[in-house]
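Spelled out from the first residue to the last, the chains are:
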Protein chains: 2
Amino acid sequence: MTIKILFSANNENWKRYKAPLQDALDNKSLDYELGRTITPCEVDYIIYAPSSSLQDFSPYAKLKAVLNLWAGVEGVTNNKTLKVPLARMVDSGLTDGMVEWVTGHTLRHHLGIDKHIHGQDGIWRSYVPPLAKDRIVTILGLGTLGTACGIALKRLGFNVRGWSRREKRVDGIICFYGDDQVDSSLMDADIVVLLLPDTPLTQNILNQHTLNLLKRGAFVLNPGRGPLIDDDALLAALDSGQIEHATLDVFRIEPLPQNHQYWSNNKVTVIPHKASETRPKTASQVIAMNIERAENGQELLYLVDRENGY
Amino acid sequence: MTIKILFSANNENWKRYKAPLQDALDNKSLDYELGRTITPCEVDYIIYAPSSSLQDFSPYAKLKAVLNLWAGVEGVTNNKTLKVPLARMVDSGLTDGMVEWVTGHTLRHHLGIDKHIHGQDGIWRSYVPPLAKDRIVTILGLGTLGTACGIALKRLGFNVRGWSRREKRVDGIICFYGDDQVDSSLMDADIVVLLLPDTPLTQNILNQHTLNLLKRGAFVLNPGRGPLIDDDALLAALDSGQIEHATLDVFRIEPLPQNHQYWSNNKVTVIPHKASETRPKTASQVIAMNIERAENGQELLYLVDRENGY
């Protein structure tokens, strides 16, 4: 019987994903129909952007699973009408792009590249940065993205620490876990990278108390989620010099309003949620693989634990 | 008999190197005297900065070897009064720093970080860079530094090509060699990194012809030596848009004169010869090791082939 797959995301995404999804599904030899308008009670799978207009899953009586298009699932985990398994997106293209972004901005701040970019005034200055082995980078979040970033930074010589809610071990990274060890993971760090999901337990994890644990003049990178940072505390820490610079890719409200202080603060680099992006080709392969698994009665890859919210 | 070691470099270097050199020599259990004023005919070894006032080696009748403090030896290879072996500096601190610098600036240009730094105007732009695997980086020079940088960039996913005068093989890097293959190594490259020594054969290797082989809008990184670039050709290529940006750490005249066009061209980032620096602790260990080898009748490590100039 034909598997009916509803694509529930905006026009722009449909244009980018239609062909790669068809290619990936064709490669699995599935008998399927992929579309944007399918009678709800006939739909088997939904490929889903949490921002789409579909918010009530009740009419989808036959639904077997929801396959999130993005890594972040905070817009759907609390949806009470969703009764079937939900998979996050773990896309190798997204991971590669995130490693490049985090490594690039870590090295940018480590090397003081901004000083050179802003210092083209004819003065021959002599600033040599320390080596990476003399810097501590703490990554909050050791999921697929945080772990991949940590490994890349370790290979470049940085002292890498990681923190996760549940205990994890990663070769070469000093791993901390649980609420008790957040402070130890941040103590005296030069650079902190936020790669946690947005859950009630992670919100404001970077606050006045934790910002003060970092080395004076530390750098903050947030390619994770906006609510991980207490914005007022960060602005105060930038003002006092405790934090030298923050490079932020995500915000509580996106697009970040034009009159927000982050735009005008010269110690902040605002990046319009582009740290990394799910890439249609590799993401479509993940979705096709998960539909094939579900049809074969196997558990979905990257299944969301909705109680923990990720 | 006491080994007499002359330190021939300026005051600032003496302050930085005296203690680390003593530590390293003490660890080798050598009976030595290290100083800045030793009767020439008694000197066994000279630790040497080519910019120092010592330019005539003739009075050093007992001299066994000259140990260059820096990686670059172009200031001494042509000195006809030098009749004894000369060793370049190959310092793990220098190599690590260079890998960090080259990786950082490659990612900076790859990710378009400057656009974000200069674009803090409240406009939510949507530019997502390609992935590293869609970029070609060509490294001219596969010595210790070029090879280490190539390996680091390959690990991040870049397509890495290398060119060297003599044939070399490096896992994961497409290697070109000899005059005939310079053009092939540069064809359609997105980013070119110069890490060659300054010799009559390498001067102006980046010129009007070779710049035009790169992909339109390519980036140039020069942490090698100033004379590798035909400056007029580079300025013309920046002007035409063939090259989007050049980040230059070395120049024909240093410090770069304040009125030089590079300072005022907003497509050029001038960095005051700080891409990487020999680090006293690790460099002193290399020097002590070489003195020990010479005393034991072994060949020096990093011996310069003065005919080839490196």
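Residues numbered from 1 in each chain as written. Chains lettered and ligands numbered in written order. Predicted model: local features only at pLDDT ≥ 70, side-chain atom pairs only at ≥ 80, totals over all residues. Heavy atoms only, no water.

This next bit is on the relation of the copies chain B and chain A. It takes a turn of 180° to lay chain B on chain A, together with a shift of 0.0 Å along the axis; the resulting RMSD is 0.1 Å. The superposition operator between the copies reduces to a two-fold rotation axis. Across chain B, the rotation axis passes nearest the C-alpha of Gly104(B), at a separation of 2.9 Å. (Least-squares fit on C-alpha atoms with pLDDT ≥ 70 in both.)

Right, let's talk about helix α4 (residues 144-155) of chain B for a bit. All names here are of chain B. An ideal rise of 1.5 Å per residue puts 16 Å on 12 residues; α4 measures up with 17 Å between its terminal C-alpha atoms. Within the sequence span of α4, burial applies to Leu145, Gly146, Thr147, Cys149, Gly150, Ala152 and Leu153. Here the buried face of α4 lies against α2 (92-111), β6 (136-140) and β7 (159-164). Positive phi appears at Gly157, one or two residues downstream of α4, with a value of about 105°. (Helix = DSSP H or I, 4+ residues; strand = E, 2+ residues; numbered from the N terminus. Expected span 1.5 Å × (residues − 1). Buried < 20%, exposed > 50% of the residue type's maximum accessible area, 1.4 Å probe, protein only. Contact = heavy atoms within 4.5 Å.)

We now examine the interface of chain B and chain A. The interface is formed by 50 residues belonging to chain B together with 49 residues belonging to chain A. Contact with chain A buries surface across chain B, with Glu100(B), Trp124(B) and Trp263(B) losing the most and accounting together for 19% of the total. Taken together, the links from chain B to chain A amount to zero salt bridges. For the pair chain B and chain A, the interface holds eight residue pairs in polar contact (both at pLDDT 80 or more). Those elements that place two or more of their residues in the side of chain B that touches chain A are α2, α3 (113-118), α4 and β12 (268-270) of chain B. For the side of chain B that touches chain A, the element with the highest residue contribution is α2(B), accounting for 13 residues. Classifying every residue of the side of chain B that touches chain A by side-chain character gives 24 nonpolar, 15 polar and 11 charged. (Buried area = accessible area lost by both parts, 1.4 Å probe. Salt bridge = Lys/Arg side-chain N within 4 Å of Asp/Glu carboxyl O. Polar contact = N/O pair within 3.5 Å; in protein donor to acceptor, adjacent residues only side chain to side chain. Nonpolar A, V, L, I, M, F, W, Y, C, P; charged D, E, K, R; others polar.)

On to the packing of α2(B) against α4(B). Helix-helix packing: each pair is described by the crossing angle between the helix axes and the interaxial distance. All names here are of chain B. Relative to each other, α2 and α4 sit at 50°, their axes nearing to 9 Å. By the criterion of interaxial angle, the relationship of α2 to α4 is oblique. As α2 runs across α4, the sense of the crossing is right-handed. Facing Leu94, Thr95, Met98, Val99, Val102, Thr103 and Thr106 of α2, the residues of α4 in contact are Thr144, Leu145, Ala148, Cys149, Ala152 and Leu153. Partitioned by chemical class, the residues of the contact of α2 with α4 number nine nonpolar, four polar and no charged. (Axes fitted to C-alpha atoms, helices over the stretch in contact; angles between N-to-C directions. Parallel < 35°, antiparallel > 145°, perpendicular 65-115°, else oblique. Left-handed = near helix turned anticlockwise from the far one by under 90°.)

For any pair of aromatic rings, the description rests on two quantities: the centre-to-centre distance and the angle between the ring planes. Evaluation of the coordinates by the stated rule reveals 12 aromatic pairs over all chains. Ring centres of Tyr17(B) and Trp70(B) lie 6.3 Å apart, and the angle between their planes is 65°; on these two criteria the pair is classed as edge-to-face. Of this pair, Tyr17(B) sits in helix α1 (residues 11-27) while Trp70(B) sits in the loop between β4 (65-68) and β5 (86-87), and the two are 53 residues apart along the sequence. We classify Tyr17(B) as buried; its relative accessible area is 0%. Using a relative accessible area of 24% as the deciding quantity, one classes Trp70(B) as partly exposed. Each member of the aromatic cluster is reached from another via a ring pair, and the members are Phe7(A), Trp14(A), Tyr17(A) and Trp70(A). (Phe/Tyr/Trp six-rings, centres within 6.5 Å; stacked < 30°, edge-to-face > 60°.)

Turning next to the pairing of strand β2 (residues 32-35) of chain A. Residues and elements named next belong to chain A. Where strand β1 (residues 3-8) lies against β2, four bridges are found, and the strand directions are parallel. Counted as the bridge partner of Leu6 is Gly35 from β2. For the crossover from β1 across helix α1 (residues 11-27) to β2, the handedness is right-handed. (Pairing = 2+ DSSP bridges. Right-handed = clockwise from strand over helix to strand, strands pointing away.)

With that settled, consider the domain arrangement of chain A. Size of an interface, as often reported, equals the accessible area lost when the parts are brought together. Residue and element names in this part refer to chain A. Assigned domains within chain A: domain 1 (3-91 + 278-295) and domain 2 (92-270). Each of domain 1 and domain 2 has a C-alpha centre, and these two points are 32 Å apart. With eight residues of domain 1 in contact, the opposing surface of domain 2 contributes seven residues. For domain 1, the biggest contributors to the area lost against domain 2 are Glu74, Val90 and Asp91; these three give 58% of the whole. Viewed at the interface, domain 2 and domain 1 are joined by one salt bridge. Glu74 is the salt-bridge partner of Arg225, the closest N and O atoms lying 2.7 Å from each other. (Domains from an automatic or database assignment.)

Moving on, we come to the pattern of salt bridges. A side chain of one charge can pair with a side chain of the opposite charge when the charged atoms of the two come close. Evaluation of the coordinates by the stated rule reveals 30 salt bridges over all chains. What you see here is one network of salt bridges that share partners, running through Asp44(A), Lys62(A), Lys64(A) and Glu295(A).

This next bit is on the sheet that holds strand β5 (residues 86-87) of chain A. Residue and element names in this part refer to chain A. Read across the sheet, five strands follow the order β2-β1-β3-β4-β5 without closing on themselves; strand pairing throughout is parallel. The open sheet has two edge strands with one neighbour each: β2 and β5. Against the sheet, α1 touches β1, β2 and β3 (45-48), its axis set at about 170° to β2. Its contacts with the sheet place helix α9 (residues 280-295) against β1, β3, β4 (65-68) and β5, and it is angled at close to 155° to β3.

This next bit is on the sheet that holds β5(B). All names here are of chain B. Spatially, the five strands line up as an open sheet ordered β2-β1-β3-β4-β5, and their pairing is parallel. This sheet does not close on itself; its edge strands, each paired only once, are β2 (32-35) and β5. Pairing of β4 with β5 involves two bridges; the strand directions are parallel. Residue pairing across strands places Val66 opposite Leu86, the latter belonging to β5. Of the strands in this sheet, β1 (3-8), β3 (45-48), β4 and β5 touch helix α9 (residues 280-295), which is tilted by about 155° from β3.

Another aspect to go through is the pairing of strand β7 (residues 159-164) of chain A. Residues and elements named next belong to chain A. Burial within β7 is extensive, with five of its six residues counted as buried. Sheet analysis places strand β6 (residues 136-140) next to β7, joined by five bridges and oriented parallel. By the bridge assignment for β7, Thr138 is matched with Arg161. Across four bridges, β7 lies against strand β8 (residues 174-177) in parallel orientation. Within the sheet, the bridge partner assigned to Arg161 lies in β8 and is Ile174.

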